[in-house]
Amino acid sequence: MSYDRIVIKIGTSTITNGSSNVDMPKLIDLTRQISWMMHRGIQVTLVSSGAVAAGREILNFPHLSKHIPGKQMLSAIGQPRLMSIYMELFRMYGIVVSQILLTRSDFTNRKSYLNARNTLDGLLSQNVLPVINENDTIATDEIRLGDNDTMSAFVSGLIGADLLVLLTDQDGLFDSNPETDAKAKVIKTIDSVEIPPAVWEAAGGSASGLGTGGMITKVRAADIARRMGTSIMIANGKVPDILIRIAAGERFGTVFRPTNTVLESKKRFLLTGFRSNNASIRVDNGAVKAILSGKSLLPAGIKEVTGEFDRGDTVRMIGPDGHEFAVGMVNYASNDLQKIIGLKANEIEGTLGYTFADEVIHHDFMIVDQ
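Small disclaimer: the values here were computed from a predicted structure and weren't measured.

### Let's talk about the overall build of the chain
- Within the chain, the secondary structure is distributed over 14 helices and 13 strands.
- Expected size for 370 residues packed as a compact globule is a radius of gyration near 21 Å; at 22 Å, the chain falls within 12% of this value.
- Principal-axis analysis of the C-alpha atoms gives the chain an extent of 70 × 45 × 40 Å.
- Buried positions account for 49% of the 370 residues belonging to the chain.
- Considering only contacts within the chain whose residues lie at least 6 apart along the sequence, 71% involve residues at least 24 apart.
- Only carbon and sulfur atoms are counted for the fraction: they give 51% of the accessible area of the chain, which is about 16900 Å².
- Mean positive and mean negative side-chain charge positions of the chain (38 and 40 charges, respectively) differ by 2 Å.

### Things to note about the pattern of salt bridges
- According to the stated counting rule, one finds 14 salt bridges in the structure shown.
- Note that aspartate 121 and arginine 5 form a salt bridge whose closest N and O atoms lie 2.9 Å from each other. In this pair, aspartate 121 is assigned in helix α6 (residues 110-125) and arginine 5 in strand β1 (residues 5-10), connecting sequence segments 116 residues apart.
- Residue classification places arginine 5 among the buried residues on the basis of a relative accessible area of 16%.
- Because the salt bridges share partners, they merge into one network encompassing Glu194, Asp223, Arg226 and Arg227.

### Re a nonpolar patch on the surface
- Residues Met24, Ile28, Met92 and Tyr93 make up a contiguous nonpolar surface patch of about 340 Å² in total accessible area.
- Of note, methionine 92 is situated in the loop between α4 (68-91) and β3 (97-102).
- Here methionine 92 falls in the exposed class, since its relative accessible area comes to 54%.

### Remarks on the sheet that holds strand β11 (residues 314-318)
- Strand order in the open sheet formed by five strands is β10-β9-β11-β12-β13, and the pairing between neighbours is mixed. The open sheet terminates on both sides in strands that have one partner only, identified here as β10 (302-306) and β13 (366-368). Pairs of neighbouring strands in the sheet enclose a mean axial angle of 25 degrees, with direction left out of account.

### Considerations on the pairing of strand β9 (residues 280-283)
- Sheet topology note: the β9/β10 ladder contains four bridges and is antiparallel. Among the inter-strand pairings, serine 280 is bridged to a residue of β10, identified as threonine 306.
- Pairing of β9 with β11 involves three bridges; the strand directions are parallel. Bridge assignment links arginine 282 to a residue of β11, and that residue is isoleucine 318.

### Some thoughts on the packing of aromatic side chains
- Taken as a whole, this structure holds five aromatic pairs when the rule is applied.
- Centroid distance tyrosine 332 to tyrosine 354: 6.5 Å. Interplanar angle 35 degrees. Geometry classified as tilted. Remark: tyrosine 354 occurs in the loop between α14 (348-352) and β13 and tyrosine 332 occurs in the loop between β12 (324-329) and α13 (334-339); sequence separation between them is 22 residues.
- Taking relative accessible area as the criterion, tyrosine 332 reaches 0% and is therefore assigned buried.
- Their ring planes at 70 degrees and their centres at 5.1 Å tell us that tyrosine 354 and phenylalanine 356 sit as a pair that is edge-to-face.
- A residue is classified by how much of its surface remains accessible, and tyrosine 354, at 27% relative accessible area, is partly exposed.
- The ring of phenylalanine 365 has arginine 117 lying over it, and the distance from NZ or CZ to the ring centre is 3.7 Å.
- Taking NZ or CZ as reference, arginine 311 lies 3.5 Å from the ring centre of phenylalanine 356, over its face.

### Observations concerning the environment of serine 13
- Along the chain, the position of serine 13 falls in helix α1 (residues 12-16).
- For serine 13, a relative accessible area of 34% puts it in the partly exposed group.
- Taking the C-alpha atoms as reference points, serine 13 and isoleucine 216, separated by 203 residues in sequence, lie 15 Å from one another.
- Beyond its immediate chain neighbours, meaning those up to four positions away, serine 13 contacts Gly18 and Asp169.

### Concerning the layout of surface pockets
- Reported here for the second largest pocket is a volume of approximately 340 Å³.
- Along the walls of the second largest pocket sit 16 residues, with Tyr113, Phe154, Met228, Ser265 and Phe269 positioned nearest its centre.
- Listed by contribution, the elements that provide at least two residues to the lining of the second largest pocket are α5 (105-108), α6, α7 (148-159) and α11 (262-272).
- Looking at which element gives the most residues to the lining of the second largest pocket, the answer is α11, with six residues.

### Considering empty space enclosed by the protein
- Enumeration over the complete set of coordinates arrives at one cavity of 30 Å³ or more.
- Quantified by volume, the largest cavity comes out at close to 40 Å³.
- Lining the largest cavity, in full, are Ser13, Thr14, Asn17, Lys26, Thr168, Asp169, Gly237 and Lys238.

### Considerations on helix α3 (residues 51-58)
- All buried positions along α3 are accounted for by Ala51, Ala53, Ala54 and Gly55.
- A positive backbone phi angle near 60 degrees is found at asparagine 60, which sits one or two residues after α3.

Basis of the calculations
Residues numbered from 1 in each chain as written. Predicted model: local features only at pLDDT ≥ 70, side-chain atom pairs only at ≥ 80, totals over all residues. Heavy atoms only, no water. Helix = DSSP H or I, 4+ residues; strand = E, 2+ residues; numbered from the N terminus. Rg over C-alpha atoms; globule rule 2.2 N^0.38 Å. Buried < 20%, exposed > 50% of the residue type's maximum accessible area, 1.4 Å probe, protein only. Contact = heavy atoms within 4.5 Å. Areas by Shrake-Rupley, 256 points an atom, 1.4 Å probe, with all protein chains shown as cover. Lys, Arg positive; Asp, Glu negative; His and termini not counted. Charge placed at Lys NZ, Arg CZ, Asp CG, Glu CD. Salt bridge = Lys/Arg side-chain N within 4 Å of Asp/Glu carboxyl O. Patch = residues over 30% accessible without salt bridge, like charges linked within 9 Å, V, L, I, M, F, W, Y side chains within 5 Å. Pairing = 2+ DSSP bridges. Axes fitted to C-alpha atoms, helices over the stretch in contact; angles between N-to-C directions. Phe/Tyr/Trp six-rings, centres within 6.5 Å; stacked < 30°, edge-to-face > 60°. Lys NZ or Arg CZ within 6 Å of the ring centre and 35° of its normal. 1 Å grid on protein atoms, 1.4 Å probe; cavity = no way out; pocket = protein on both sides within 12 Å on 5 of 7 lines; lining within 4 Å. Points joined across faces, edges and corners; volume = space filled by probe spheres on them.

So, in structure tokens, the structure goes:
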């Protein structure tokens with residue numbers, strides 16, 4: 001099986017290799033494998049824990065409370081250190097690294113969602129490796145995703161990843177506790193619409209998905225990502241060349257099959273931002289034909305903008321005959337769109353003073369009435 005986009009999540013236990021310190025040989029090996037994938041055309045996004053551990057190491061392992069402010073302080077110290085390591089290691093393989101810090105609001109606010117998606121798409125198109133972490137230094141209980149397993153699931157949906165790899169220190173999800181049950185076996189595949197209660201219990205939680213830490217957060221993440229159209233593989237990061245072998249089509253650990261296609265998930269997301277008022281974009285015949293053949297909507301094809309809407313809203317598209325033929329998520333608010341009606345894409349920046357994208361609505365974020 002081939003993959004175009006892969007999200008890889010590595011936890012603190014992988015980065016430290018089970019110790020208290022950042023394990024440089026381990027990071028060098030992971031860097032080598034990810035670089036191998038990227039040099040072969042696979043677009044990789046790395047969700048990395050380890051900032052707090054790196055901060056502890058820099059401060060010589062101080063005794064601090066377990067409250068969020070202490071962790072935020074350690075993260076603020078450790079994140080630059082961790083990024084400097086990634087930048088230096090990947091530079092040896094000719095890979096440019098970028099840093100993205102996100103919170104829950106970046107996925108629930110439609111403008112932030114659109115900004116994050118466009119930024120990540122741009123980085124991946126330039127073969128740049130995004131390294132993502134939760135913005136621990138400013139995140140509060142209300143906006144925290146809570147763990148990077150969950151973060152990686154949301155990122156997978158954001159960029160439409162084919163596969164999410166959750167690296168851990170276990171061989172996968174077991175049907176019982178392998179530390180107390182010698183007969184415990186790895187669950188190879190989960191493809192049911194709902195994850196069975198026994199799986200939640202085996203992960204250390206319950207059928208409701210409640211629980212903290214360890215494997216339970218990975219099952220929760222898998223349940224989120226599979227509903228966004230992404231396959232998930234929980235695998236042991238200690239297996240030699242694990243990432244290279246996964247990219248080559250080998251299966252490891254536990255695989256969760258998606259319950260929706262990426263397209264279906266995008267459609268659901270689009271409809272959550274649908275404008276019920278009279279907001280619409282009327283386009284010419286050329287634009288209708290282009291959209292129906294799989295193209296995006298450009299400003300040159302727009303004849304009229306009706307109603308008010310913000311960037312990131314889902315708006316109706318109306319043909320010359322007055323009938324709605326598609327809906328889509330707009331890259332420009334109505335007041336800005338009024339200024340660029342009929343213009344060529346290369347004239348947007350000169351008119352508005354900035355540009356988010358050449359497309360008013362990208363075809364990947366349209367629902368077309370066929």
